[in-house]
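Given next are the chains, with one letter for each unit.
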Amino acid sequence: MKVEACIFDLDGVIVDTARFHYVAWKRIAQLFGGDLSLEQNEKLKGVSRMGSLEYILKANNIQKSHEEKSELAKLKNEWYLELISSIDQSELLPGVINLLTELKSLKIPLALGSASRNAIKILHKIGVDHLFHTMIDGNLVEKSKPDPEVFLKGAKSLGIKPANCIVFEDSSKGIEAAISGGFIPVGIGEDSNLKNATIIYSGFQNLTFDTILTDIAKAKSRTP
Ligand code: B16
Ligand code: MG
């Protein structure tokens, strides 16, 4: 196995924007007397904006017309953009900048693979967009994770086969997408949500490319 490229999810991997999505979606749910628990919010990680709204409406037993749904999705995004208006480098998740910089210096091509339509704006705000060779976001895909489209487009744009590409993901849907696309899935975050990943790290602190390669090789040698 040779790792020739890495694809990074955004929310929950590079930056902790999940909490802002949560605040904005909870406010939307409360508009029609509903709610959104933290547990339900976990299920929204990696899910598109409209997919998330559909989930919240269904969970609260609410029917809305196509136009009303578009308005609600637009309002959620306005609130979300307001919440993230002042984010900067300090919002980068611990250790991620060191790994991104190391990979860049090792000339490992990097892609972004995010469901968010705001991803490129956010990468720019936190000052890491220049580290990526290609950025695939929610505007460039038709199918949401767990469909592998976002990662396949990233790998294609880098010219690297999925089998030689690590995908770093914090959501179970993202790990599912990476597996079905034939990538090497590396989970970042809580073990219980990411159990199908080849390896799981609680975060990027003290992680080097070499450590990751060693851990992947060990994990693969244990798999029958
Ligand atoms: P937006 P990721 C995903 O980003 C988030 O995890 C998910 O909660 C959000 O609904 C989705 O982006 C769409 O975001 O409303 O900004 O287009 O984790 O794939 O980087
Ligand atoms: Mg994510």
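The shown structure was predicted, so the numbers you read here are calculated from the model rather than taken from an experiment. (Residues numbered from 1 in each chain as written. Chains lettered and ligands numbered in written order. Predicted model: local features only at pLDDT ≥ 70, side-chain atom pairs only at ≥ 80, totals over all residues. Heavy atoms only, no water.)

A.B. asks: Looking at this model, I keep getting lost on the coordination of the magnesium ion (ligand 2). Mind explaining?
C.D. replies: Note on metal geometry: ideal angles are 109.5 degrees for four donors arranged tetrahedrally and 90 or 180 degrees for six donors arranged octahedrally. Bound to the magnesium ion (ligand 2) on the protein side are D9 (OD), D11 (O) and D170 (OD), at distances that span 2.0 to 2.1 Å. Ordering the donors of the magnesium ion (ligand 2) by residue number gives the pattern D-x1-D-x158-D. When sorted by exposure, D9 lands in the same class as D11, which is buried. (Donors = N, O, S within 2.8 Å, 3.2 Å for Na, K, Ca; no water. Buried < 20%, exposed > 50% of the residue type's maximum accessible area, 1.4 Å probe, protein only.)

A.B. asks: Explanation requested: the sheet that holds strand 4 (residues 165-169) in the structure shown.
C.D. replies: Working definition: the strands of a sheet are paired by backbone hydrogen bonds and lie parallel or antiparallel to each other. With parallel pairing, the six strands of this open sheet are ordered in space as 3-2-1-4-5-6. The strands lining the two open edges of the sheet, one partner per strand, are strand 3 (134-136) and strand 6 (199-201). The sheet shows a mean angle of 20° between the axes of neighbouring strands, direction not considered. Pairing geometry for strand 4 and strand 5 (residues 184-188), over four bridges, is parallel. In the sheet register, V167 faces strand 5, and the bridge partner there is P185. Together, strand 4 and strand 5 form the strand contacts of helix 8 (residues 172-180), whose direction differs from that of strand 5 by roughly 170°. Contacting strand 1 (5-8), strand 4, strand 5 and strand 6, helix 9 (residues 209-222) runs over the sheet at an angle of about 140° to strand 6. (Pairing = 2+ DSSP bridges. Helix = DSSP H or I, 4+ residues; strand = E, 2+ residues; numbered from the N terminus. Axes fitted to C-alpha atoms, helices over the stretch in contact; angles between N-to-C directions. Contact = heavy atoms within 4.5 Å.)

A.B. asks: Can you walk me through the site of ligand 1 in this structure?
C.D. replies: Ligand 1 sits among 17 residues. The nearest are V47, S114, S116, R117 and N118. Taking L10, its main chain carries an N or O atom lying 3.2 Å from an oxygen atom of ligand 1. At 3.3 Å, a backbone N or O of L44 approaches an oxygen atom of ligand 1. Calculation on ligand 1 without its partners gives an accessible area of 470 Å², and the protein chains cover 97% of this total. Each of domain 1 (5-16 + 88-222) and domain 2 (18-83) gives at least three residues to the shell around ligand 1. (Near = heavy atom within 4 Å. Polar contact = N/O pair within 3.5 Å; in protein donor to acceptor, adjacent residues only side chain to side chain. Areas by Shrake-Rupley, 256 points an atom, 1.4 Å probe, with all protein chains shown as cover. Domains from an automatic or database assignment.)

A.B. asks: Hey, could you run me through the nonpolar core in this one?
C.D. replies: With 53 residues, the main nonpolar core has F8, I14, F132, I166 and F168 as its most contacted residues. Residue-level mapping places this core at the junction of two domains, with at least three residues from each of domain 1 (5-16 + 88-222) and domain 2 (18-83). Formed by 15 residues, the second largest nonpolar core is a distinct cluster that contains A5, F151, A177 and F183. (Core = buried A, V, L, I, M, F, W, Y, C linked by side-chain atoms within 4.5 Å.)

A.B. asks: Got a minute to help me understand the pairing of strand 2 (residues 110-113) in this structure?
C.D. replies: Side chains on a regular strand alternate between the two faces of the sheet. The alternating pattern of strand 2 places L110 and L112 on one face and A111 and G113 on the opposite face, and all of these are buried. Two strands pair when backbone bridges link them, and strand 1 and strand 2 are joined in this way by three bridges, in the parallel orientation. Of the residues in strand 2, the one forming a bridge with I7 is A111. Looking at chain direction, strand 2 and strand 3 are connected through three bridges and run parallel. Pairing of G113 across the sheet is with I136, part of strand 3. Crossover connection from strand 2 via helix 6 (residues 119-125) to parallel strand 3: handedness right-handed. (Right-handed = clockwise from strand over helix to strand, strands pointing away.)

A.B. asks: Looking at this structure, I do not really get the environment of K153. What am I missing?
C.D. replies: Residue position: K153 is located in helix 7 (residues 149-158). Placed 121 residues apart in sequence, K153 and F32 show a C-alpha to C-alpha distance of 37 Å. Those residues in contact with K153, other than ones at most four positions away along the chain, are I136, L140 and V141.

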